[in-house]
Amino acid sequence: MYRPGKCKTPRKPCIKKASHAEKDPVGVYCRIRPLGAENEECCVEMISNSTIQLHAPDGLKANRNGEFKETQYSFKKVFGVNTTQIELFEEVAKPLVEDLIQCKNGLLFTYGVTGSGKTFTMTGSPGEGGLLPRSLDMLFNSISPLQAKRFVFKPDDKNGIDIQNDIDALLERQKRDAQPTVPKTPSSRQKADPEFADMISPQEACKAENVDEDCCYSILVSYVEVYNNYIYDLLEDATFDPIRPKAPQSKILREDQNHNMYVAGCTEVEVKSTEEAFEVFWKGQKKRRIANTQLNRESSRSHSVFTLKLVQAPLDADGDHILQDKNQVNVSQLCLVDLAGSERTSRTRAEGSRLREAGNINQSLMTLRTCIEVLRENQMCGTNKMVPYRDSKVTHLFKNYFDGEGKVKMIVCVNPKADDYEETMLVMRFAEMTQEVEVARPVDRPICGLAAGRRQRNQAFRDELSRRLADRGAPGNADDPALLNQLIESFPPLPPCELVDPGDDQTLPRLIEVLERRHRIRQLMAEQFNKTANMLNSMVQQFDGQLDMKENLIQDQQSKLCESDKVIINQKTEIERLEKKSKTLEYKIDILQKTTNMYENDKRSLEQELEARAQKLQQELVERRRMEQRMQGVVTDTKLKWEKECVRRVNAKQLEMQNKLWVKDEKLKQLKAIVSESSSSSIDRPQKPERPSRDRDRHYGQKRSASPSPLPPAREINPVHRRSHSAGGEKWVDHKPSSNVDLGTVMQPIIPNAIQVSSPSEKALSKCHKYVLRHQELASDGEIATKLIKGNVFRTRSGGQAVEFTDVETLKHECPSAPSRKRRSGSAETPDNVEDQENWAPVASTSSAVGHQKRRKPQ
């Protein structure tokens with residue numbers, strides 16, 4: 001139940017509080033429409049009273065395995081093609097009407113593709129009344145003797161209710177009766193309006209139990225439609241102008257002080273009977289937009305919302321008048337929604353305005369699906385995503401039910417024909433997802449502080465008073481003026497009181513005597529009245545005690561009955577579960593049996609194939625052995641043949657090599673003879689300075705290092721710099737790692753205006769334009785070589801400093817006494833060469849190369 005709050009539609013003011021309350025899932029039911037023709041193909045099968053199965057039609061493509069996939073969907077309950085309207089009402093709508101009387105809100109809407117029977121389910125037809133007329137009938141059957149007079153409860157303009165006294169209500173009724181009738185818009189339909197008596201038979205009438213008789217009730221109805229995402233009032237009385245007809249004005253949604261959404265300016269009609277309420281409904285139904293399409297002759301082109309608002313207020317302590325306290329007024333409402341069906345334009349062949357209507361209908365239904373998906377994700381995953389209620393008028397209007405309290409039920413209408421298979425699949429998926437959304441359970445309303453049974457006690461007092469007066473011969477109605485006249489006539493008549501003579505001493509004594517007798521009679525009547533009142537009070541108290549005992553007994557019996565009902569319901573649920581499980585197991589057994597037979601057939605075929613392959617393999621093995629024996633002989637012959645050939649070739653090669661060696665030996669002997677003759681002739685000639693021979697160069701090259709060799713000057717890689725970039729005038733960052741070894745040599749780079757650091761930093765790089773890194777490594781001759789790696793410093797876009805390497809100088813330290821590890825082939829060292837090496841100085845070899853950029857991010 002919603003909490004009462006100043007005559008507004010009850011709801012907890014804070015949405016977050018509803019999350020801590022108990023929640024119930026949305027009740028989703030399924031109703032299958034009968035096929036239009038017996039020879040039509042059916043794609044929906046009812047397996048149990050809570051499960052249906054969809055079969056793909058013959059014209060649909062098969063899946064990858066070449067089979068049609070059958071899908072099953074479960075609902076709270078499934079109603080087959082033979083279900084009557086009364087059975088559907090008893091299961092779905094009757095609990096909502098009972099909750100409405102108990103001050104609990106409810107929402108019931110039908111959903112499905114076009115032509116699936118949604119409007120028939122909600123409205124019905126003559127002889128087969130739908131959920132809406134049956135809800136009206138049950139509501140008025142339950143509260144009809146307890147209704148307040150018309151206009152006692154008056155709606156305001158802010159979704160609230162005002163209480164008027166009897167005089168103001170009477171003036172309102174007289175004002176309404178005096179108003180002239182408004183000319184109605186002529187209807188294009190010639191069909192007569194159906195009567196309520198034709199919709200429901202008297203045998204099917206029902207009423208709710210546990211109705212609070214100490215309250216007065218009033219029913220207000222409203223009827224709106226959502227067409228092209230605009231809200232129109234179907235009960236609005238608009239004057240008809242045949243010359244300049246006016247289009248109906250759309251309404252807007254507003255939020256009241258309790259955060260409930262309502263249609264501002266919507267007409268709310270107070271009705272006092274089922275026939276009057278159904279007449280008001282049919283008045284709006286005639287204005288609803290419908291059209292003829294390829295799939296449905298009377299297709300709804302808008303979403304209709306019929307709202308039943310029940311207002312109830314407690315009686316005062318005497319049980320005679322309505323308590324004039326707005327805080328004690330409770331308002332509950334039940335919304336019956338007939339959603340327009342989703343449709344594909346390729347099938348309906350809609351054009352123009354029909355195409356636009358179909359697009360708006362599909363868009364609003366898509367928004368409803370999106371809201372349900374987001375609600376489901378927020379509840380299951382714990383997220384807090386915003387639900388897009390405002391994207392559609394339908395979802396925005398029913399925002400209170402999903403974020404607040406109340407019961408929400410949905411009837412999914414299904415057309416089992418094969419043409420609607422794909423649309424039905426989408427509807428089934430949406431219904432399956434909706435069942436996972438939970439809505440806060442309504443709480444019971446607060447109990448009024450006044451004693452219960454006030455109306456009954458007041459009526460019992462009136463009946464008893466009428467009976468007593470009737471026993472005394474008085475009129476039965478205590479409020480009749482004739483009763484007062486009879487009571488006055490029962491007193492002694494007054495004598496003439498006119499005084500003519502001043503000496504008259506008889507008139508006054510007679511008057512005094514009559515008045516004294518009247519006074520005694522009055523006292524006797526007062527005493528008798530008090531005795532009667534006391535006796536009546538004792539009787540009323542005795543009746544109250546007996547009534548309390550009976551109520552306690554009834555409550556005990558009802559509690560026992562409820563427990564028995566719960567046990568029966570649990571047993572029925574268990575039986576249904578076992579039946580479903582049994583059918584599922586039977587289905588699985590059939591599948592396993594078919595699978596077993598298939599596997600046995602495969603096994604037999606595989607065994608036969610295996611035997612054939614074994615025989616073939618045995619033959620191949622025999623052939624292989626024969627082939628191996630044959631090949632072994634061939635290999636042996638070939639081996640012997642090649643061994644003989646190899647021996648022959650080796651002998652020939654040895655002979656050839658011996659001949660070549662003999663020729664070389666002869667050439668060497670001739671060369672030695674020539675050398676010996678030239679040396680003897682040089683001794684006889686005077687000595688002249690000679691250029692060192694190649695043998696001497698090779699001899700020196702074996703012991704001296706490679707650095708002081710008189711080689712031609714190397715080509716400069718970077719001809720801009722002569723020796724070092726450090727001779728410039730820019731500021732340098734001299735990066736000398738702490739791990740470097742001090743060599744103590746003469747040649748050291750001298751860099752003016754340099755900031756010496758052991759590790760580069762952003763602060764140092766930002767102050768300089770050049771960067772040099774002193775790097776030491778071990779050269780190939782075992783000495784330490786120092787490399788000066790230079791570069792330019794520039795600022796990056798991100799605010800850091802980067803270095804672009806442009807040059808490398810190498811300073812190599814060599815020891816003159818150490819022999820060079822690099823030797824020239826055929827050369828020999830002499831003592832003179834060694835002496836020359838000792839006089840050489842250390843040489844710095846310079847090489848330049850352009851390097852990559854070294855970027856440093858700002859710290």
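Let me begin by describing the structure that accompanies this report. (Residues numbered from 1 in each chain as written. Predicted model: local features only at pLDDT ≥ 70, side-chain atom pairs only at ≥ 80, totals over all residues. Heavy atoms only, no water.)

Quick notes on the pairing of strand β4 (residues 51-54)
Formally: The buried label applies to any residue whose accessible area, calculated with a 1.4 Å probe on protein chains only, is under 20% of its type's maximum; exposed applies above 50%, and partly exposed to all values in between. What counts as a helix is a DSSP run of H or I of at least four residues, what counts as a strand is a run of E of at least two, and both are numbered from the N terminus. Two strands are said to pair when DSSP picks up at least two bridges between them.
Both faces of β4 are covered, namely the face carrying T51 and Q53 and the face carrying I52 and L54. Of the pairings in the sheet, the one linking strand β3 (residues 44-48) to β4 comprises four bridges and is antiparallel in character. Considered in β4, the bridge of E45 is made with Q53. In this sheet, strand β5 (residues 71-74) lies alongside β4 in antiparallel orientation, the contact comprising four bridges. Counted as the bridge partner of Q53 is Q72 from β5.

Some details on the sheet that holds β3
Which entries qualify depends on this criterion: Only the stretch in contact is used when a helix axis is fitted, and all axes are lines through C-alpha atoms; the angle between N-to-C directions ranges over 0 to 180 degrees.
Taken together, the three strands give an open sheet; going across it, the order is β3-β4-β5, and neighbouring strands pair in antiparallel fashion. Bordering the open sheet on either side are β3 and β5, each of which pairs with just one other strand. Across this sheet, the average inter-strand angle for adjacent strands is 30 degrees, counted without regard to direction.

Quick word on the packing of aromatic side chains
Our working rule: Only centres within 6.5 Å qualify two rings of Phe, Tyr or Trp (six-membered ring in Trp) as a pair; their planes then separate them into stacked at under 30 degrees, edge-to-face at over 60, and tilted for everything else. Over a ring means this: the NZ of a Lys or the CZ of an Arg is within 6 Å of the ring centre and within 35 degrees of the ring normal.
All chains considered together, the criterion is met by ten aromatic pairs. Seen in terms of ring centroids, Y111 and F430 are 4.7 Å apart; in terms of plane orientation they differ by 40 degrees. Their pairing is tilted. Taken together, the positions of Y111 in strand β7 (residues 106-111) and F430 in helix α11 (residues 421-434) put the pair 319 residues apart, joining distant regions of the chain. Residue classification places F430 among the buried residues on the basis of a relative accessible area of 2%. Centre to centre, the rings of F278 and F281 are 5.9 Å apart; their planes meet at 40 degrees, and the pair counts as tilted. Here F278 and its partner F281 are both found in helix α6 (residues 274-285), three residues apart, which amounts to about one turn of the helix. The same class applies to F278 as to F281, namely buried. Put simply, the rings of Y223, F278, F281, W282 and F306 touch in pairs and so form one group of aromatic residues. Lying across the ring of F430, R369 places its NZ or CZ 5.9 Å from the centre.

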